Amino acid sequence: MIRSAVRKFRQLPQKLTGEVAAAASANKAAQLSWIEKLNEIEEFARKGGSEKAHKLHASRNKYFIEERVNALKDEDTEILEIGLLAGHDLDYGSIPRATLMTCIAWIQGIPVCIGGSDATVKGGTSYPITVQKANRLADIGLQNFLPSVNLVDSGGAFLPLQSEIFPDKNDGGRNFYNIANISSAGIPMISVVCGSCTAGGAYTPSMCDEMVFVDKMGTMFLGGPPLVEAATGEKVTAEELGGAMLHSSVSGCADYFARNEEESAAYVRSIFETLNIPEFATTRKAAIEPNVEFDILDVASTKSDARLTIACLNDGSVFHEFKELFGTGLVCGYARINGHMVGIVANNGNFNADAALKGAHFVHLASERRIPVVFLQNSLFHDDFDAASDDVASSAETMRARAAYISAVSTSKSPKVTIACAGSNRLSDLCPRQYDPNFFFRWPASMGLRSGNDWEDESFFSSARIWDDGTIDPRTTRDTLKKCLDIFEFGRNHELFIKSKELENYQPMYRL
Ligand code: COA
């Protein structure tokens, strides 16, 4: 048999040339200054509350929130943090991590959504932004079929803003609805009570599949000791009213009595072994590092050829390009990232009718093959086109084609990740968060709301409000995508496994 010599997967450019090469070092310097600002905000978020609050926390033998996550996750694995910048510089103050760390960590090889309060920030109480953050994590869990762990250490609603939290105004209470639906979809959810868990907060662990309770640390009740005394005159300690021993031996709410944090982490890891989720077959190949001689910061957030950015992200920098000569304002094609097959759709010029139709075709194909799609969104290119498109006939054609593209993306069955690379704020963006990508990250120079207010034009403004899953250093994009693709592979297999057991649409868990 004679095989064609044509190589379908071809090497992308390895070097920068011409104007792009000339502009590289200035662009890199601009990117580094954005990254410096990003790092400052990240540091503020990770630091949490005051030194006094840290000392108090440590004096109670409690792990800090990152230590709690580290104790749960598999050694030598990295987490995917969601919404690290949430809560930064809001109208009501700067709330580190919005008092809640949310991430995906690997436990016994399974990607797991972990939500844990940072009790050093105002007792881990829930601000309006905290409610949104918790709900975003639940959406991720449900969309990606991920089990979850709640680490509860919170004083409940942040009372000065309670009117902004409760159901009529915000989504306070939505987490209970989410837990019920996650449970009825057959997706496991575990809670650890490792601190205060008062009033509405008490429902979260009570609705989960299994509950670990830490002695002399966790308490759970609808009204605390002061309320009991006011109502009945009875003096009672928090431990007597709703501590680990009470809930393990009298109320039956707790399933596992842990003597300390270490033991509670061991219980959770052990529970994950009992979930009976099999190891799934994989279509992954061996991962290969990108093969380029330049840095992603040399080309990030510019109008340079999108293939240069792609070359920094995919395995071996090789690409199977689709319709290369048609609709050149969009680059579409197949690649591997960390060994996973992936479709890539990237702005590369005018998003005109041809580009939109090509995108619709490609997204449809990826959906049929259940290949995850990465959208590299760069609407810097749109400005030229939209300003120039005053011809009615071509506008109408473009509108129809873009409508087809939007339909294809909105109904696609592929898991999707959007990376907002530059100028991302347009209704004609490739996959904005309104189309429910599974994950949506930004680069620091990706905004431009034209609000006339510099701060609102920054990506940090968006990430602080959970309009996205976080602003990331462009150099970490490949690592971020690797984790997303691992999550998608597990999620798809887990969904099929649950459906094979006919577990979906079961009634949610009813506890004692
Ligand atoms: N709303 C607003 N602020 C709260 C709060 C709440 N529900 N609960 C605690 N805080 C604040 C405290 O005022 C304190 O603020 P500061 O650091 O500026 O002084 C900080 O959080 C830490 O609280 P503190 O009581 O000093 O720390 P602690 O670790 O000993 O206790 C709690 C933490 C959460 C157990 C305790 O404060 C508590 O029981 N809070 C009330 C819980 C409650 O009834 N919630 C019902 C809400 S529906």
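Residues numbered from 1 in each chain as written. Predicted model: local features only at pLDDT ≥ 70, side-chain atom pairs only at ≥ 80, totals over all residues. Heavy atoms only, no water.

- Under an unreviewed UniProt entry, the name given to the protein is methylcrotonoyl-CoA carboxylase, and the source organism is Oikopleura dioica.
- The UniProt entry for the protein carries the following comment under Catalytic activity (unreviewed entry): "3-methylbut-2-enoyl-CoA + hydrogencarbonate + ATP = 3-methyl-(2E)-glutaconyl-CoA + ADP + phosphate + H(+)". (UniProt positions renumbered as here; feature names shortened; annotations may be inferred.)

### Brief notes about the side chain of T99
Line of reasoning, step 1. Its place among the elements puts T99 in the loop between β2 (80-82) and β3 (100-107).
Line of reasoning, step 2. Discounting chain neighbours no more than four positions away, the residues touching T99 are G116, S117, D118, V121, G124, T125, Y127 and T130. (Helix = DSSP H or I, 4+ residues; strand = E, 2+ residues; numbered from the N terminus. Contact = heavy atoms within 4.5 Å.)

### Side note on the packing of helix α4 (residues 128-144) against helix α5 (residues 174-184)
Line of reasoning, step 1. Packing of α4 against α5 leaves a shortest axis separation of 10 Å and a crossing angle of 15°. Considering their axes alone, α4 and α5 lie roughly parallel with respect to each other. Read as a crossing pair, α4 and α5 show a hand that is left-handed. Seen from α4, the contacting residues are N135, A138 and L142; seen from α5, they are R174, N175, N178, N181 and I182.
Line of reasoning, step 2. Partitioning the contact of α4 with α5 into residue classes produces 3 nonpolar, 4 polar and 1 charged. (Axes fitted to C-alpha atoms, helices over the stretch in contact; angles between N-to-C directions. Parallel < 35°, antiparallel > 145°, perpendicular 65-115°, else oblique. Left-handed = near helix turned anticlockwise from the far one by under 90°. Nonpolar A, V, L, I, M, F, W, Y, C, P; charged D, E, K, R; others polar.)

### Observations concerning the state of the cysteines
Line of reasoning, step 1. One pass over the full model with this rule turns up 0 disulfides.
Line of reasoning, step 2. A disulfide-free cysteine, C103 has its sulfur positioned 8.5 Å from the sulfur of C113, the nearest such atom.
Line of reasoning, step 3. Left unpaired, C312 is separated from the closest cysteine sulfur, that of C421, by 11 Å. (Disulfide = S-S within 2.5 Å.)

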